[in-house]
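# Per-entry structural report
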Amino acid sequence: MKHRSMVGRDVPLRELEAALAAPPRVALVSGEAGIGKTRLVAELEARADGWLVLHGECLEFGGEEVAYAPVVAALRDLPAEWLEAYLDERSGEARAALAAVFPRESPGGGGPGRLYELLLDLLGALECPVLLVLEDLHWADRSTLTLLAFLARNLRAQPIVVVATYRTDDALPADLRRLAGELRRRRTVLDVELAPLARDDVARQLEAIGGPVSASLVDELHARAGGNPFFVETLFEAGAETLTEAVLARVERLDASALAVLAAAGGRATYELLDGLAVDPDALRAGLDAGVLVRERDGLAFRHGLIGEVVYDRLLPTERAELHRAIAARLDDPAQRAHHCHRAGLRAEALAASVEAGIAAADVFAYAEAAVHFERALELADASVDRVDLLARAAQAARFTGDPERAVALCREAIALESDGERRARLYERLGEYQFWDDAAALECYEAALALTPRAPRLLAAKGHALMGLRRWDEARACCEAGLAAGAAPRITLGVVLAFLGEAEAGEAHLRRALEVSESGEETARAYLHLGELLRVRGDHRGALQAMVEGEQAAARLGLRGSFGHFMYVNGADDLLRLGRWDEASERVGEAARMDLSRTARALRRAVSGQLHALRGAVETARRELDAAEDAELPAEFLTPLAAARATLALTEGDPVAAAVHVAGALGGVEDPFYTPPLYSLGLRVEAELAERDRARRRTPDRTRAAELLAGLTALAGGEIAGNGREVAAMGGEMASGGPEVAALGGEIAGAAGTRAAGGSPYGAPPGALAHLALARAELSRVDGTPAPELWHAVAEAFDALHEPYPAAYARLREAEAALVTAGDRARAAVAVAAARETADGLGAAPLRDAAEALARSARLTIACAPVAAADDDGTGLTVREVEVLGLLAEGLTNRQIASRLFISQKTVGAHMAHIYAKLGVHSRVEAAGRARQLGV
């Protein structure tokens, strides 16, 4: 290649080489046209010894309409035999999802998230490190940009470096501008902005081209070219005044018709296209000899895009139209054909090609490009096309590109045009889907659809889901049961509905059946997600955590880790928090902070993290997490944990007034017996703190708000404490051996299963709701100044039955206070406060531990400091997470594979390994695996 020595780029080259030394990284290389981005990347590729280089470039003309164009080009460099073996090991569904980047595969179900997960898995599975280069992102399609964002957010320990280049001299496309701004803020992203060459660098460049040059010429060219290497070279060789003149001087001796074809084709063309258009080979060879053209993998291109732009700008409109018409006739790809037909003014052909291209793009989940094609088709549409069908397709594409308002508008237009009842019903169903977070609006749509096609199972299932969102449990049940013929979907919804109606066993059976009959990855993931929800309603957070772990693994297999898998990962952190496995919860929320989470998953992660740090006394960290939470338009079940975390933080900081504001602000929305009871009991605690403050100031506390909160919680939990089947009875049975107050509350709980039949509650109260009702009653005794140790002991027993150690320990602290205040029972107080302190110490709950120690000091109680057993202790001292790591080690997995399986970093796996070796007294993986087999792990 002529005149390609590189000068003045030592620093950016070192930065990029440093990225290769510490993968994974993403590097953004930017600068004006001609500044040397391609030359810098070529030098990096040449120095990437031992790396597999995958290089792809965006298309200049119509590139934004061709999905994944640079990615498809880059993946052509994969070793053919390795790729064949890799694809042979994938399921048919996975291969279909990969069709977007491997066109030879047949497209199928899934979604873009699954494609991205599978592509990340493919790159990580290669036996050598990967350098993925994506050039000219200023011409990129939206799907490529979305994939780049996914890689930047989800690269963890893989030996992958992504280098992306783009121009900055023209106005950046909005999508690229937003993406670049976001990526620059990530610590794994390297921002390399190429500046113009200094005067001395220009001198060295000119000497490399033509030998020594005069200082005056160096000064002149440096000033005229602005330090741009390509401009310097072009102006120097042509001796021209302007860049356009210089380019024209270089090409005027060449065959203009041959160059015009390349320019109209977007700056590059395959040999097949050039041959089909009968371009003179001698003319192309002359362009190569002159350094105007360069060879590519399967064709030719202008050495620099600016040359093609100058050539194209010189063409007359009629010349351009004729060239685009000829090129379109030779193209098989519908997206490129649509682009060239449109530029050629071939309206009918552009319409047909746009529809075909839109369908093809949607088939491989490239919905942004599909939307472009369908919108163009709508502009060109005439009587030859089905406008309603076109509107429906455009609406679907808009939905999946994150533009629900456009999707709704297009769908409503289609409904207004459609007269066929069955098609109108399908459109109403779609309209309901587009309003997923507005259950009332969605319900209206499903009812309109059912009015046109009564008793359709799929519509009944959809209506049941909307009714569930509105907490209209009995109606939701009826719809889902009537729609069971629709497959897994109605069973997934019905499972949760039955749990809230007090029939958790039947609900679980439906969810497990849904897992068996599921026909898609999304249904399987949703079934696991709802199974975890049902088990939480039953008070079984251990089972819920197991469902989340299994669900995460299934989501990873199905290519849904980035959507459902990450959401279940965060839900698992909440389960760990409740189960008292706080170190593991902390590890999860830390890992999740580096994941690409949905809006709701981000909110839940911040709520769990804020709650955990507040309970541990890390108030600054808690405040930082909670202040960053995005509350706008969140569903009520996500606002509730955020409010609870903020109220907990306020209490930790000694500000019950602020805590009361947070509680009051969250109550009054959509309430249910699972999410809301903790907020009510927390509100009663706030009122108790305020009442004690009033008494300390010799004021009479106002119990009005406390009474209102208790009444609200009692009504929510079913008045007479409606039950939840065997789980409630078992919880009551565990409490029956306590004192009179404990036995009384246990008796209420154990007998609650039949309450619903007697007309007590509209649904079965979850065991957790009953425990929080007991907590609220105990807090009311504090409000009244008559704390009852028996009530607090009952609360501790209730949370013990649920395996929630923190609220149990808090209750024991209050029991100790009440025992001292009401009866002076120092022995009982000592036992209770010692138990509270022991649990708090094990959890790392510094404020609770300090409160227990302060009470012991003030009352002069002696408390023992017993060691805290490891979670589910089997005598080895291993934590549950360490047992999981040991089991995977025994299966023969590497640290990297263990990290991927458990959604943690390799560094964290290494820390767990060190603890395992120390606790088991082993010194190698082989010894550890042997001990695992002895322990039955």
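Residues numbered from 1 in each chain as written. Predicted model: local features only at pLDDT ≥ 70, side-chain atom pairs only at ≥ 80, totals over all residues. Heavy atoms only, no water.

### Observations concerning the pairing of strand S1 (residues 25–31)
Walk down a regular strand and you will see the side chains alternate between the two sheet faces. Of all seven residues that make up S1, six are buried, and the element is covered over most of its length. As paired elements, S1 and strand S4 (residues 160–167) share seven bridges and run parallel to each other. Bridged to glycine 31 within S4 is arginine 167. With five bridges connecting them, S1 and strand S5 (residues 189–193) associate as parallel partners. Following the sheet pairing, leucine 28 is matched in S5 by aspartate 191. (Buried < 20%, exposed > 50% of the residue type's maximum accessible area, 1.4 Å probe, protein only. Helix = DSSP H or I, 4+ residues; strand = E, 2+ residues; numbered from the N terminus. Pairing = 2+ DSSP bridges.)

### Overview of the environment of leucine 545
Relative to the helices and strands, leucine 545 resides in helix H30 (residues 541–557). Distance in space between the C-alpha atoms of leucine 545 and glycine 36 is 52 Å, their sequence separation being 509 residues. Residues contacting leucine 545, with those up to four places away along its chain left out, are Gly572, Asp575, Leu576, Leu579 and Arg581. (Contact = heavy atoms within 4.5 Å.)

### A few points about the pattern of salt bridges
Pairing of side chains with opposite charge becomes possible as their charged atoms draw close. Counted under the stated rule, the structure contains 60 salt bridges. Here arginine 616 makes a salt bridge to aspartate 583, at a shortest N to O gap of 2.8 Å. A residue pair is termed long-range when its members are at least 10 positions apart, and arginine 616 in the loop between helix H33 (599–615) and helix H34 (619–627) and aspartate 583 in helix H32 (residues 582–592) qualify at 33 residues. A relative accessible area of 56% places aspartate 583 in the exposed class. (Salt bridge = Lys/Arg side-chain N within 4 Å of Asp/Glu carboxyl O.)

### Side note on the packing of aromatic side chains
Scanning the model with the defined rule gives seven aromatic pairs in all. A ring pair is formed by tyrosine 116 and phenylalanine 150, whose centres lie 5.6 Å apart and whose planes are at 45 degrees; its orientation type is tilted. Taken together, the residues tyrosine 116 in helix H6 (residues 112–125) and phenylalanine 150 in helix H7 (residues 142–154) connect sequence positions 34 residues apart. Considered together, tyrosine 116 and phenylalanine 150 belong to a single accessibility category, that of buried residues. With 5.6 Å between their ring centres and 35 degrees between their planes, tryptophan 582 and tyrosine 806 make a pair best called tilted. Of this pair, tryptophan 582 sits in helix H32 while tyrosine 806 is found in helix H43 (residues 805–822), placing the two residues 224 residues apart along the sequence. The pair tryptophan 582 / tyrosine 806 is uniform in exposure class, with both members buried. (Phe/Tyr/Trp six-rings, centres within 6.5 Å; stacked < 30°, edge-to-face > 60°.)

### Some words on the confidence of the model for the protein
Of all residues in the protein, 90% have pLDDT values of 70 or greater, and the mean over the chain is 86. Across residues 719–763 the pLDDT falls below 50, and counting only partners more than four positions away or on other chains, this stretch makes 92 contacts in the model. (pLDDT = per-residue confidence, 0-100.)

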